[in-house]
Amino acid sequence: MGDLEGVFVYETMSRSEAEELFQKHSPMNGDYFLRKRSTKGGDYVLILQYNNLPTHHLVKFNSSTGNWEINKKAYVPSTPSFKNVLDKLHERVDEWPILLMKEIVDTSSQFAPHTRQSSPSASNSRSQTQSPQHESELSIQEAKVGVAQKKVDQYVASVEKYKRTIQQCDEKLNNPQSYLFTKTMSKAESETVVEGKENGTFFLRQRSGGDKDSYVLVLVAKGRVTHHLIEKKDSSWIINKNSFGMFSSPLDLVEHFRKPVKGWPVVLEHPVLSPSYEQHRNEKTTAERNLETAEASLRNAQQELDKELNVEKTLQLQSNTLSPEQSTTAISNNKASSPLQEPLQPVIAKVDVLEHHAEDEEDDDNDD
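Below: a short report on this structure. This is a predicted model, so every value here is computed, not measured. (Residues numbered from 1 in each chain as written. Predicted model: local features only at pLDDT ≥ 70, side-chain atom pairs only at ≥ 80, totals over all residues. Heavy atoms only, no water.)

### Some remarks on the overall build of the protein chain
- The helix and strand tally for the protein chain stands at nine helices and eleven strands.
- Across the protein chain, contacts joining residues at least 24 apart in sequence account for 60% of those joining residues at least 6 apart. (Helix = DSSP H or I, 4+ residues; strand = E, 2+ residues; numbered from the N terminus. Contact = heavy atoms within 4.5 Å.)

### Thoughts on the packing of aromatic side chains
- On inspection of all chains with the given rule, the structure shows twelve aromatic pairs.
- Between the aromatic rings of F181 and F203, the centroid separation amounts to 4.4 Å while the plane-to-plane angle is 35°, which identifies the pairing as tilted. Of this pair, F181 sits in strand β6 (residues 180–181) while F203 is found in strand β7 (residues 201–206), placing the two residues 22 residues apart along the sequence.
- For F181, a relative accessible area of 8% translates into the label buried.
- Judged by its relative accessible area of 0%, F203 is buried. (Phe/Tyr/Trp six-rings, centres within 6.5 Å; stacked < 30°, edge-to-face > 60°. Buried < 20%, exposed > 50% of the residue type's maximum accessible area, 1.4 Å probe, protein only.)

### Looking at the pairing of strand β9 (residues 224–233)
- Bridging between strand β8 (residues 214–221) and β9 involves eight bridges; their strand directions are antiparallel. Paired with V218 across the bridge in β9 is H227.
- As paired elements, β9 and strand β10 (residues 236–239) share four bridges and run antiparallel to each other. Paired with K233 across the strands is S236, a residue of β10.
- Taking the residues that link successive antiparallel strands as the turn, the β9-β10 hairpin has two residues, and the phi of D234 there is positive, at about 55°. (Pairing = 2+ DSSP bridges.)

### Overview of the side chain of R35
- In this structure, R35 sits in strand β2 (residues 32–36).
- Judged by relative accessible area, R35 falls into the buried class, the value being 0%.
- A distance of 2.9 Å separates a polar side-chain atom of R35 from the backbone oxygen of M13. (Polar contact = N/O pair within 3.5 Å; in protein donor to acceptor, adjacent residues only side chain to side chain.)

### Some points on the sheet that holds strand β3 (residues 43–50)
- What the five strands build is an open sheet, ordered β1-β2-β3-β4-β5; its pairing is mixed. Only two strands of the sheet have a single partner each, and these edge strands are β1 (9–10) and β5 (67–70).
- Where strand β4 (residues 53–62) and β5 come together, four bridges link them in antiparallel fashion. The partner of K60 across the bridge, within β5, is E69.

### Things to note about the environment of Q110
- Residue position: Q110 is located in the loop between α2 (82–88) and α3 (120–129).
- For Q110, a relative accessible area of 71% puts it in the exposed group.
- Q110 sits 97 residues away from M13 along the chain, and the two C-alpha atoms are 9.8 Å apart.

### A look at the pairing of β8
- β8 sits mainly inside the fold: eight of its eight residues count as buried.
- Every second residue of β8 is oriented toward a common face, with S214, V216, V218 and V220 on one face and Y215, L217, L219 and A221 on the other, all of them buried.
- Bridging between β7 and β8 involves five bridges; their strand directions are antiparallel. Counterpart to L204 in the pairing with β8 is L217.
- If you look at the hairpin formed by β8 and β9, you'll find two residues sitting between the two strands, and K222 has a positive phi there, around 55°.

### Let's talk about unusual backbone geometry
- Look at S78: it is not a glycine, yet its phi comes out positive at around 65°.
- Residue placement: S78 occurs in the loop between β5 and α2.
- Unusually for a residue other than glycine, K241 sits at a positive phi of about 70°.
- Judged by relative accessible area, which is 60%, K241 ranks as exposed.

### Points about the pattern of salt bridges
- Summed over the entire model, instances satisfying the criterion amount to twelve salt bridges.
- One salt bridge connects E231 with K241, and the closest N-O pair in it is separated by 3.2 Å. Taken together, the positions of E231 in strand β9 and K241 in the loop between β10 and α6 (250–256) put the pair ten residues apart, joining distant regions of the chain.
- For E231, a relative accessible area of 18% translates into the label buried.
- With its nearest N and O atoms 3.6 Å apart, the salt bridge here joins E304 to K307. (Salt bridge = Lys/Arg side-chain N within 4 Å of Asp/Glu carboxyl O.)

Structure below.
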């Protein structure tokens, strides 16, 4: 039998009611809560903020394997405790889309959970008699968590931006047009680019005059700079008025000579990269440096968020278990000691986790 001890489990509610309760607490990415499923006994639904949207994930204990499954998959096997599963998902877990952050707890809701509190009446009584000092401390801590979460979100966005930049640069750098100079230049100017280079050094340039179907291959052959006219003829491309086969573009024709070809003097071995290519390479280098800095900042921000969440969770637990007098004493102690006997594991983000897509595999039936 699956163990839900230590987890807030909201009562049965519809999907729309769950989202309404969820949005009431202005969730950040990674925030979550667990509710009973509407249609089937023994099933639950984890509602999770992902990509700034609430997503719903079917949760069920598989008695034959002894594992809790989310969307029919055991992400954290070999534990009957769902609390252990949630704690583990605060760290990186293969194939799980996002690091869990804050559990949303609302004891005043009509769907108030049944666990981690004594009884509704006792809880309400404590809430009504809670010391103003404790309420103020909790409110301040919630604000600190919000600030820390915003920092994490900002660094996640930065990391994703730099990763996209690197990917875009790679696509451009892998383009065979890296040796195509789009800026027109004279014959003399083109010779200065390859002058003194070894045999097989080459680049392709647009022919002066702006004819889009006319290019010049600039090539070092037999120790001197040579120029070879490439033109379109019918549906193919030719060089020096000679045909070496059917080619769909001038680049395809040039690529043909990058291996030995009968009747051609030298293999094209050493491409000269165009200025735009160099620009993309420099842009990639800068993005890689920025990515390294952003990832380090993200790790620090998440560790800070983890600390603030620990303190907030302690204050929430005290709200449910302490009298006003005990609460005041506990607040003073919090300022001088670690907030939890067993702190949450530090959350070290790997951005590639965030790039997966959470699948909403909940079969709602008459859930709404």
